[in-house]
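Breakdown of the fold
So the chains spell out like this:
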Amino acid sequence: MPTENARSKRPSMVAMTAKITAIAVAVAIALTGGLAIQMAGGHDPALASKAKHQAPAGSSSSGQASGGQTNSAPAQVVTRTS
Amino acid sequence: MRQPGEPELERRIDLFGTEVRLLVGAPTPRRAPGNQVAVLAVEQLLRRHHALLTRFDSDSELSRLNADPREEVPISAVLAGALRAALNAAELTDGLVDPGLLGQLERAGYGSSRVGVAPADLREALLQAPPRSPARRREGAAWHAVEVGEGFVRRPPGMRFDLGGSAKGHAAESAAACLRGYDSFAVDVGGDIVVGGNAGAPRVVVVEHPLGHHDLSFRLGRGAIATSGLGRRIWRTPDGFAHHLIDPSTGEPAWTGVVQATAVAPTAVEAEALAKAALLSGPDAGLRILQRGGGVIVLDDGTVRLAGPATQAVRSAA
C-alpha cells in the first residue's frame, strides 16, 4: 500500500520527466536552427577545417608590403624553390 | 584582451629577391608586446639584413667588403653573423656549400639580380642538360682560411663572398629570435622557414612540387624547413642552360639528377645548407644527407623521395 510520502513524490517525477523532454527538444531546435542560420549565411561548418588549410590568396608587388591581414592560427606555410 | 585561438597577424614583403611572409600569433601573457609591434620590428630587422647583405647593390656592406683590397676589414655585427652562418654551412656540408664561388656564379650568368626576370623552362633545360653527376667539394677552398672576429673579417686577398641562401637562413633565424614571446609564429624568407611558438601547435608545411605534380604536406610545431632547387633561378645561355647552384669542383652549374631538395633541421641555416647539399649530391647521397632531420627530394623526372622522419610525417598528414 503506498505511503503518504510516495504519493506526494509521484507528481514531481512526472514533472521532472516533462521538463527533461522539453529541454532536450529546445536544445535540438536551437542546434538545428543555428546550423540552418549559419549555412544560410554562406558558412558551412563542415568546410571550416578545410578552409583553414588553404593558402592565403594574393601577394605584394615589387617593393611593396601588404599588412594587417589575419589568418586562423596557425596558418599553413609553403616551402619552394626561390 | 588575448582570446584563445586568436588569429595570426600576417605581413608580406618583397626582400632578398623573393617574398618574405611573417605570421605572428598572440603574445604569450607577460612575455611580449602586441603582435603588430613584433611584425613591424621584425620587418625593420629584415630590411636591414637585406640592405647590408645583398650583392646586387654596390653600396651594400657585402659589396663594399668584396671590393675591399685589404686582407682584414672591419664589419658590422649583421655581416659578421651572416659570414659565420655561411662558414658553418660550409663546415656542415664538408665544403659542398661554398661561400667563395661568386666569380663562378657571375661567369655562369648570374651577375645581376633576376627579380622580375622569368625563369627558363625547367623541363626543356633538363632535356638539354649534360650527363648527370654528383657535385664535389673544391680542394683547398679559400673559405677554410676565413676568420670572423668581433667586428672584423680576415680572408685571403681577393676572396669575394656570395652569401645567398645562408644570408636568407640567417635572417630568418634572427627574425625568429625576436618572436619567442608569442603563442605561434612563422618566418618565411622565400621558402626558408622557421616555425615555433609557445602554444606548441603544429603548423601545416606544404612542399611545392617544382614540376607541377602533387604537393606534399606535413605538420611541424617547431624547427626550420628550407628548399633548394633549379626551378626559379635558371636561364638560357649561348650553350644551353645554366642555374645558380654551382658544383664547387668544376665551377659550373651542377646537374645531378635532383631538381629540388627540402630539408628539416633545428635552424634555418642548417636546413638551407642541407637542402642545397642534398641537391648537389645527387639522388642517393642526397637522401642520406636528409636522413637525420628528414626531407624530400624531387628527381629530374618528377619522382618524389622521402628521407628520415619526413617519411612518416608526410604519410600521416596525407
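Let me begin by describing the structure that accompanies this report. (Residues numbered from 1 in each chain as written. Chains lettered and ligands numbered in written order. Predicted model: local features only at pLDDT ≥ 70, side-chain atom pairs only at ≥ 80, totals over all residues.)

Here's the deal with the overall build of chain B
Threshold: Helix and strand definitions here come from DSSP, where helices need a minimum of 4 consecutive H or I residues and strands a minimum of 2 consecutive E residues; each element is numbered from the N-terminal end. Radius of gyration means the value over C-alpha atoms here, while the globule rule gives 2.2 Å times the residue count to the 0.38 power. Counting other C-beta atoms within 10 Å of a residue's C-beta gives its exposure: the residue is buried at 20 or more, exposed at 12 or fewer, and partly exposed in between, where C-beta atoms are placed from the backbone. Think of it this way: build a C-beta for each residue from its backbone, and any pair within 7 Å is a contact.
Helix and strand counts for chain B come out as nine helices and 15 strands. Taking 20 Å as the expected radius of gyration for a compact globule of 318 residues, we find that chain B reaches 19 Å, a close match to that expectation. Dimensions of chain B, computed from C-alpha atoms along their principal axes, come out at roughly 60 × 50 × 35 Å. Within chain B, the proportion of its 318 residues that are buried is 50%. In chain B, the share of contacts with a sequence separation of at least 24, taken over all contacts with a separation of at least 6, comes to 65%.

What about the overall build of chain A?
A count of helices and strands for chain A gives two helices and two strands. Listing every helix and strand of chain A by position from the N terminus yields α-α-β-β. The buried share of chain A, taken over its 82 residues, is 10%.

With respect to the environment of Gly103 of chain B
Relative to the helices and strands, Gly103 of chain B resides in helix α4 (residues 102-107). Distance in space between the C-alpha atoms of Gly103 of chain B and Asp162 of chain B is 9.0 Å, their sequence separation being 59 residues.

Observations concerning the pairing of strand β11 (residues 234-237) of chain B
Residue and element names in this part refer to chain B. Heads up, the rule is: Between any two strands, pairing holds if DSSP finds at least two bridges.
Bridge analysis of β11 against strand β12 (residues 240-243) gives four bridges, and the strand direction is antiparallel. Bridging from a neighbouring strand, Thr237 pairs with Gly240 of β12. Remark: two residues form the turn of the hairpin made by β11 and β12, two consecutive strands paired antiparallel.

Concerning the sheet that holds strand β3 (residues 72-74) of chain B
All names here are of chain B. Put simply, the rule is: Axis geometry follows a simple rule: fit a line to the C-alpha atoms, using only the stretch in contact for helices, then measure angles between N-to-C directions, giving values from 0 to 180 degrees.
Taken in spatial order, the three strands make up an open sheet running β3-β5-β4, and their pairing is antiparallel. Pairing within the sheet leaves two strands with one partner each, and these edge strands are β3 and β4 (147-149). Strand-to-strand twist across the sheet, computed as the mean angle between neighbouring axes with direction ignored, equals 15°. Across three bridges, β4 lies against strand β5 (residues 152-154) in antiparallel orientation. Looking at the pairing, Gly149 lines up with Phe152 of β5. Along the sheet, helix α3 (residues 77-92) makes contact with β4 and β5, crossing β4 at roughly 145°.

Considering the sheet that holds strand β2 (residues 77-79) of chain A
Strand order in the open sheet formed by three strands is β2(A)-β8(B)-β9(B), with mixed pairing between adjacent strands. Here the strands that pair on one side only, and so sit at the sheet edges, are β2 of chain A together with β9 (216-220) of chain B. Neighbour-to-neighbour, the strand axes of this sheet turn through a mean angle of 30°, independent of strand direction.

What about helix α7 (residues 268-281) of chain B?
Along an α-helix, residues three or four positions apart point the same way, because every turn accommodates 3.6 residues. Residues and elements named next belong to chain B. Formally: One fewer than the residue count of a helix, multiplied by 1.5 Å, yields its expected span.
For α7, with 14 residues, the first-to-last C-alpha span of 20 Å sits near the 20 Å given by 1.5 Å per residue. The element α7 is extensively covered by neighbouring structure, given that 14 of its 14 residues are classed as buried. Just downstream of α7 lies Gly282, where phi reads positive at about 90°.

Here we look at the packing of α3 of chain B against helix α6 (residues 164-177) of chain B
Residues and elements named next belong to chain B. Which entries qualify depends on this criterion: With respect to orientation, any angle under 35 degrees is reported as roughly parallel, any angle over 145 as roughly antiparallel, any angle of 65 to 115 as roughly perpendicular, and every other angle as oblique. Should the near helix be turned counterclockwise from the far one by less than a right angle, the crossing is left-handed, whereas a clockwise turn marks it as right-handed.
Where α3 meets α6, the closest approach of the two axes is 9 Å, and the angle between their N-to-C directions is 120°. Classified by the interaxial angle, the pair formed by α3 and α6 is oblique. By crossing handedness, the relation of α3 to α6 is classed as right-handed. On α6, the residues touching Gly81, Ala82, Ala85, Ala86 and Ala89 of α3 are Ser166, Ala167, Gly169 and His170.

Regarding unusual backbone geometry
Residue and element names in this part refer to chain B. Not every positive phi belongs to a glycine, and Phe16 is a case in point at roughly 55°. Along the chain, the position of Phe16 falls in the loop between β1 (8-15) and β2 (18-24). A positive phi angle, close to 55°, is found at Asp94, a residue other than glycine. Mapped onto the secondary structure, Asp94 falls in the loop between α3 and α4.

Points about the packing of helix α1 (residues 35-53) of chain B against α3 of chain B
Residue and element names in this part refer to chain B. In plain terms, the rule: Classification convention: Asp, Glu, Lys, Arg as charged; Ala, Val, Leu, Ile, Met, Phe, Trp, Tyr, Cys, Pro as nonpolar; all other residues, Gly among them, as polar.
Between α1 and α3, whose axes approach to 10 Å, the crossing angle comes to 75°. By the criterion of interaxial angle, the relationship of α1 to α3 is roughly perpendicular. Residues Arg48, His49, Leu52 and Leu53 of α1 pack against Val78, Leu79 and Ala82 of α3. For the contact of α1 with α3, a count of residues per class yields five nonpolar, one polar and one charged.

As for the nonpolar core
Residues and elements named next belong to chain B. Rules: The nonpolar core criterion groups buried Ala, Val, Leu, Ile, Met, Phe, Trp, Tyr and Cys residues into a set whenever they are joined through C-beta atoms within 7 Å.
Within the largest apolar cluster, 96 residues are counted, with the highest numbers of intra-cluster contacts made by Val187, Ala263, Ala271, Leu274 and Ala278. By residue number, the principal contributor to this core is α7, which donates 10 residues. Those residues in contact with Val187 that lie beyond four places of it in its chain are Leu22, Ala172, Ala175, Ala176, Ile193 and Val194.

Considerations on the environment of Gln36 of chain B
All names here are of chain B. Here Gln36 lies in helix α1. The exposure class assigned to Gln36 is partly exposed, which follows from the 13 C-beta atoms found within 10 Å. Along the backbone, Gln36 and Val24 are 12 residues apart, and their C-alpha atoms lie at a distance of 8.3 Å.

Details of the pairing of strand β15 (residues 304-307) of chain B
All names here are of chain B. Where strand β14 (residues 295-299) meets β15, four bridges bridge the pair, whose relative direction is antiparallel. The residue of β15 that forms the bridge with Gly295 is Ala307. Hairpin connection, β14 to β15: the antiparallel pair is bridged by four residues, and Gly302 has positive phi, about 95°.

Observations regarding α6 of chain B
With 14 residues, α6 of chain B ought to run about 20 Å at 1.5 Å a step, and its terminal C-alpha atoms sit 21 Å apart, in line with that. Across the 14 residues of α6 of chain B, 13 count as buried, placing the element largely inside the fold.

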